Amino acid sequence: MRRGSRRRRDAARRRTHVAGRSDSPVTVREVTATGDDAALRSSGGLDGPIELIVPAAIEMAAMVRLMSAALGAEVGLSLDEVDDVRLAAAEVFAAAVDADGSDRVAVTFEVLDGAVSARFVALGGAAIVLDELGAQILESGVDEVEVGEGTVRFVKHSGSNAD
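Residues numbered from 1 in each chain as written. Predicted model: local features only at pLDDT ≥ 70, side-chain atom pairs only at ≥ 80, totals over all residues. Heavy atoms only, no water.

**With respect to the pattern of salt bridges**
Then step 1. Under the definition given, this model contains 3 salt bridges.
Then step 2. A salt bridge links Asp-84 to Lys-156, with the shortest nitrogen-to-oxygen separation between them at 3.4 Å. Of this pair, Asp-84 sits in helix α4 (residues 79-98) while Lys-156 sits in strand β6 (residues 151-157), and the two are 72 residues apart along the sequence.
Then step 3. The class for Asp-84 is partly exposed, based on a relative accessible area of 21%.
Then step 4. For Arg-153, the salt bridge goes to Glu-146, with nearest N and O atoms at 3.4 Å. (Salt bridge = Lys/Arg side-chain N within 4 Å of Asp/Glu carboxyl O. Helix = DSSP H or I, 4+ residues; strand = E, 2+ residues; numbered from the N terminus. Buried < 20%, exposed > 50% of the residue type's maximum accessible area, 1.4 Å probe, protein only.)

Structure, rendered in C-alpha coordinates:
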(Lines give C-alpha, C1' and ligand atoms only; values in the text may rest on other atoms or scores of the structure.)
Protein backbone atom coordinates (compact mmCIF):
# COMPACT_ATOMS: atom_id res chain seq x y z
CA MET A 1 0.00 0.00 0.00
CA ARG A 2 1.27 3.45 -0.86
CA ARG A 3 2.07 5.73 2.03
CA GLY A 4 -0.24 8.56 0.82
CA SER A 5 -3.24 6.22 0.62
CA ARG A 6 -2.77 5.12 4.22
CA ARG A 7 -2.62 8.73 5.42
CA ARG A 8 -5.83 9.62 3.59
CA ARG A 9 -7.61 6.55 4.94
CA ASP A 10 -6.43 7.28 8.51
CA ALA A 11 -7.50 10.92 8.19
CA ALA A 12 -10.95 9.81 6.99
CA ARG A 13 -11.29 7.49 9.99
CA ARG A 14 -10.39 10.31 12.39
CA ARG A 15 -13.03 12.59 10.83
CA THR A 16 -15.83 10.03 11.17
CA HIS A 17 -15.53 9.31 14.89
CA VAL A 18 -18.71 9.51 16.92
CA ALA A 19 -19.44 12.90 18.51
CA GLY A 20 -18.79 12.96 22.23
CA ARG A 21 -15.85 10.55 22.18
CA SER A 22 -12.65 11.98 23.55
CA ASP A 23 -10.76 11.37 20.30
CA SER A 24 -13.43 12.94 18.09
CA PRO A 25 -12.79 16.24 16.28
CA VAL A 26 -16.48 17.14 16.85
CA THR A 27 -18.02 17.79 20.25
CA VAL A 28 -21.75 18.03 20.91
CA ARG A 29 -23.11 18.61 24.37
CA GLU A 30 -26.25 19.86 26.05
CA VAL A 31 -25.56 22.68 28.49
CA THR A 32 -27.73 23.03 31.59
CA ALA A 33 -29.87 26.17 31.59
CA THR A 34 -30.14 28.35 34.68
CA GLY A 35 -32.04 31.45 35.73
CA ASP A 36 -33.75 33.53 33.03
CA ASP A 37 -32.58 31.22 30.23
CA ALA A 38 -34.53 28.34 31.78
CA ALA A 39 -37.69 30.47 31.95
CA LEU A 40 -37.44 31.34 28.25
CA ARG A 41 -36.93 27.77 27.10
CA SER A 42 -39.95 26.08 25.60
CA SER A 43 -41.39 23.16 27.51
CA GLY A 44 -40.69 20.88 24.57
CA GLY A 45 -37.87 18.60 25.63
CA LEU A 46 -34.55 20.46 25.67
CA ASP A 47 -33.22 21.35 29.10
CA GLY A 48 -30.52 23.67 27.88
CA PRO A 49 -28.51 25.03 25.01
CA ILE A 50 -26.77 22.65 22.64
CA GLU A 51 -23.14 23.43 21.97
CA LEU A 52 -21.52 22.14 18.80
CA ILE A 53 -17.74 22.48 18.52
CA VAL A 54 -16.31 21.59 15.12
CA PRO A 55 -13.04 22.07 13.26
CA ALA A 56 -12.88 25.36 11.34
CA ALA A 57 -13.26 23.58 8.01
CA ILE A 58 -15.90 24.35 5.40
CA GLU A 59 -16.66 20.60 5.22
CA MET A 60 -18.31 20.95 8.65
CA ALA A 61 -20.86 23.48 7.32
CA ALA A 62 -23.31 20.69 6.49
CA MET A 63 -23.37 19.61 10.14
CA VAL A 64 -24.06 23.16 11.31
CA ARG A 65 -26.80 23.63 8.70
CA LEU A 66 -28.41 20.32 9.66
CA MET A 67 -28.43 21.14 13.37
CA SER A 68 -29.91 24.60 12.74
CA ALA A 69 -32.62 23.17 10.46
CA ALA A 70 -33.52 20.42 12.94
CA LEU A 71 -33.88 22.86 15.81
CA GLY A 72 -35.87 25.27 13.64
CA ALA A 73 -38.30 22.47 12.86
CA GLU A 74 -38.41 21.59 16.58
CA VAL A 75 -39.79 25.04 17.46
CA GLY A 76 -42.33 24.98 14.64
CA LEU A 77 -40.73 27.25 12.06
CA SER A 78 -42.23 27.06 8.58
CA LEU A 79 -40.19 25.56 5.74
CA ASP A 80 -39.23 29.05 4.53
CA GLU A 81 -38.17 30.04 8.04
CA VAL A 82 -36.12 26.86 8.44
CA ASP A 83 -34.38 27.70 5.14
CA ASP A 84 -33.66 31.21 6.47
CA VAL A 85 -32.07 29.76 9.62
CA ARG A 86 -30.07 27.23 7.62
CA LEU A 87 -28.76 29.91 5.25
CA ALA A 88 -27.91 32.28 8.10
CA ALA A 89 -26.02 29.52 9.90
CA ALA A 90 -24.08 28.67 6.75
CA GLU A 91 -23.10 32.33 6.19
CA VAL A 92 -21.90 32.88 9.74
CA PHE A 93 -20.09 29.54 9.85
CA ALA A 94 -18.27 30.34 6.58
CA ALA A 95 -17.18 33.69 8.04
CA ALA A 96 -15.96 31.92 11.20
CA VAL A 97 -13.96 29.45 9.10
CA ASP A 98 -12.34 32.39 7.28
CA ALA A 99 -11.39 34.10 10.57
CA ASP A 100 -7.63 34.39 11.00
CA GLY A 101 -6.28 32.11 13.71
CA SER A 102 -9.46 30.07 14.10
CA ASP A 103 -8.93 26.32 14.37
CA ARG A 104 -12.35 25.39 15.80
CA VAL A 105 -15.78 26.99 15.82
CA ALA A 106 -18.23 26.77 18.72
CA VAL A 107 -21.91 27.12 17.88
CA THR A 108 -24.38 27.35 20.75
CA PHE A 109 -27.99 26.74 19.73
CA GLU A 110 -30.90 27.59 22.00
CA VAL A 111 -34.52 26.61 21.58
CA LEU A 112 -36.66 29.43 22.92
CA ASP A 113 -40.44 29.63 23.02
CA GLY A 114 -41.27 29.74 19.29
CA ALA A 115 -37.74 30.71 18.26
CA VAL A 116 -34.27 29.34 17.71
CA SER A 117 -31.03 31.21 18.35
CA ALA A 118 -27.46 30.46 17.35
CA ARG A 119 -24.27 32.01 18.72
CA PHE A 120 -21.02 31.48 16.80
CA VAL A 121 -17.54 31.88 18.30
CA ALA A 122 -14.31 31.33 16.39
CA LEU A 123 -12.11 29.64 18.99
CA GLY A 124 -8.54 30.83 19.20
CA GLY A 125 -9.45 34.48 19.69
CA ALA A 126 -10.22 35.22 16.05
CA ALA A 127 -12.83 37.80 15.09
CA ILE A 128 -15.72 36.77 12.85
CA VAL A 129 -16.10 39.33 10.07
CA LEU A 130 -19.14 39.12 7.81
CA ASP A 131 -18.70 40.42 4.29
CA GLU A 132 -21.33 42.79 2.88
CA LEU A 133 -23.34 40.06 1.16
CA GLY A 134 -23.25 37.80 4.23
CA ALA A 135 -24.44 40.66 6.44
CA GLN A 136 -27.32 41.42 4.05
CA ILE A 137 -28.35 37.76 3.94
CA LEU A 138 -28.32 37.62 7.72
CA GLU A 139 -30.28 40.86 8.14
CA SER A 140 -32.97 39.79 5.66
CA GLY A 141 -33.32 36.20 6.87
CA VAL A 142 -33.40 36.40 10.66
CA ASP A 143 -35.18 38.61 13.18
CA GLU A 144 -32.32 39.61 15.47
CA VAL A 145 -28.59 39.88 14.80
CA GLU A 146 -25.88 40.74 17.31
CA VAL A 147 -22.28 41.08 16.18
CA GLY A 148 -19.85 41.32 19.06
CA GLU A 149 -16.14 41.03 19.52
CA GLY A 150 -15.42 37.57 18.18
CA THR A 151 -19.06 36.43 18.19
CA VAL A 152 -22.15 36.54 16.01
CA ARG A 153 -25.60 35.65 17.37
CA PHE A 154 -28.92 35.50 15.57
CA VAL A 155 -32.51 34.67 16.49
CA LYS A 156 -35.34 33.52 14.22
CA HIS A 157 -38.93 33.59 15.55
CA SER A 158 -41.76 31.41 14.29
CA GLY A 159 -44.26 33.31 12.16
CA SER A 160 -41.86 36.11 11.26
CA ASN A 161 -42.13 35.34 7.51
CA ALA A 162 -45.93 35.76 7.49
CA ASP A 163 -47.32 38.35 5.10
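**Remarks on the side chain of Thr-108**
Then step 1. Within the secondary structure, Thr-108 sits in strand β3 (residues 104-112).
Then step 2. Using a relative accessible area of 17% as the deciding quantity, one classes Thr-108 as buried.
Then step 3. With near-sequence residues (within four places) excluded, Thr-108 lies in contact with Pro-49, Ile-50, Glu-51, Ser-117, Ala-118 and Arg-119. (Contact = heavy atoms within 4.5 Å.)

**Regarding the packing of α4 against helix α5 (residues 132-141)**
Then step 1. Contact geometry for α4 and α5: axes closest at 9 Å, N-to-C directions at 155 degrees. Between α4 and α5, the interaxial angle falls into the category roughly antiparallel. Note on packing geometry: the crossing formed by α4 with α5 is left-handed. In contact with Asp-84, Leu-87, Ala-88, Glu-91 and Val-92 of α4, α5 contributes Gly-134, Ile-137, Leu-138 and Gly-141.
Then step 2. Its residues assigned to classes, the contact of α4 with α5 comprises 5 nonpolar, 2 polar and 2 charged. (Axes fitted to C-alpha atoms, helices over the stretch in contact; angles between N-to-C directions. Parallel < 35°, antiparallel > 145°, perpendicular 65-115°, else oblique. Left-handed = near helix turned anticlockwise from the far one by under 90°. Nonpolar A, V, L, I, M, F, W, Y, C, P; charged D, E, K, R; others polar.)

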